[in-house]
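Below are the chains, spelled out letter by letter.
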Amino acid sequence: MIKKLIPNQAFLDAIGIADQFDVGTLMNLIEQYYGERNELDFKEKLIEPHKLAKIMLAMANSGGGTIIFGINDNNEPIGLDESSLSDITEIESKLSTLLPQALVYSHQIIRYPQDEIYKKLSGKIFLIFYIPSQYRNAPFLAIRESNDLKKNRIYVRRNTSVEEATEKEGTVKNFV
């Protein structure tokens, strides 16, 4: 598994925004997408590593995607607590025991200063995981079981949820 910090422009390119990251970019993304899609998942808070791994596997097997932490079910940016980000090293360590080494992903922490010009984003922190399209090594399977994450199962995104691939979807020819 390859992990690195997402340069701002790479994140913007991945979600189809050509401009430099500025005060309105995240809000524009939230408003433009009107909620989750197969390639975009919003989470209010950090989730357990096995749940994150399952979403990452499903996105990798479905063409890639982005997970943004700090946005609630109503697509409102609520941000994360700074203290929750102290767990990022532990989360990455646990992800490395669940995800195959060939799965490439990046993450970025975005902090908005406390200032009225940032409006709803003012003083808020967001964590973004980006899983690029990487069919060359697909399908991706968990390397270890953990809670509801099963080894040797192909997970895919379907209607913004994570599900096991059907027999037809799970064939290798669908990933080449």
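To start, this report covers the structure provided alongside it.

Cut-off values and rules
Residues numbered from 1 in each chain as written. Predicted model: local features only at pLDDT ≥ 70, side-chain atom pairs only at ≥ 80, totals over all residues. Heavy atoms only, no water. Helix = DSSP H or I, 4+ residues; strand = E, 2+ residues; numbered from the N terminus. Contact = heavy atoms within 4.5 Å. Areas by Shrake-Rupley, 256 points an atom, 1.4 Å probe, with all protein chains shown as cover. Axes fitted to C-alpha atoms, helices over the stretch in contact; angles between N-to-C directions. Parallel < 35°, antiparallel > 145°, perpendicular 65-115°, else oblique. Left-handed = near helix turned anticlockwise from the far one by under 90°. Nonpolar A, V, L, I, M, F, W, Y, C, P; charged D, E, K, R; others polar. Pairing = 2+ DSSP bridges.

A few points about the overall build of the chain
So, point 1. What the chain contains, in helices and strands, is four helices and seven strands.
So, point 2. A separation of at least 24 residues holds for 66% of the contacts in the chain among residues at least 6 apart in sequence.
So, point 3. Summed over its atoms, the accessible surface of the chain is roughly 9300 Å², and 46% of this surface lies on carbon and sulfur atoms.

Focus: the packing of helix H3 (residues 49-61) against helix H4 (residues 88-98)
So, point 1. For the pair H3 and H4, the least separation of the axes is 9 Å and the interaxial angle reads 55°. When the axes of H3 and H4 are compared, the pair comes out oblique. For the pair H3 and H4, the sense of crossing is right-handed. From H3, Pro49, His50, Leu52, Ala53 and Met56 reach across to H4, where they touch Ile91, Lys94, Leu95 and Leu98.
So, point 2. Grouping the amino acids of the contact of H3 with H4 by side-chain chemistry returns seven nonpolar, one polar and one charged.

Observations concerning the pairing of strand S6 (residues 155-158)
So, point 1. Sheet analysis places S6 next to strand S7 (residues 161-164), joined by four bridges and oriented antiparallel. If you follow Val156 over to S7, its bridge partner there is Glu163.

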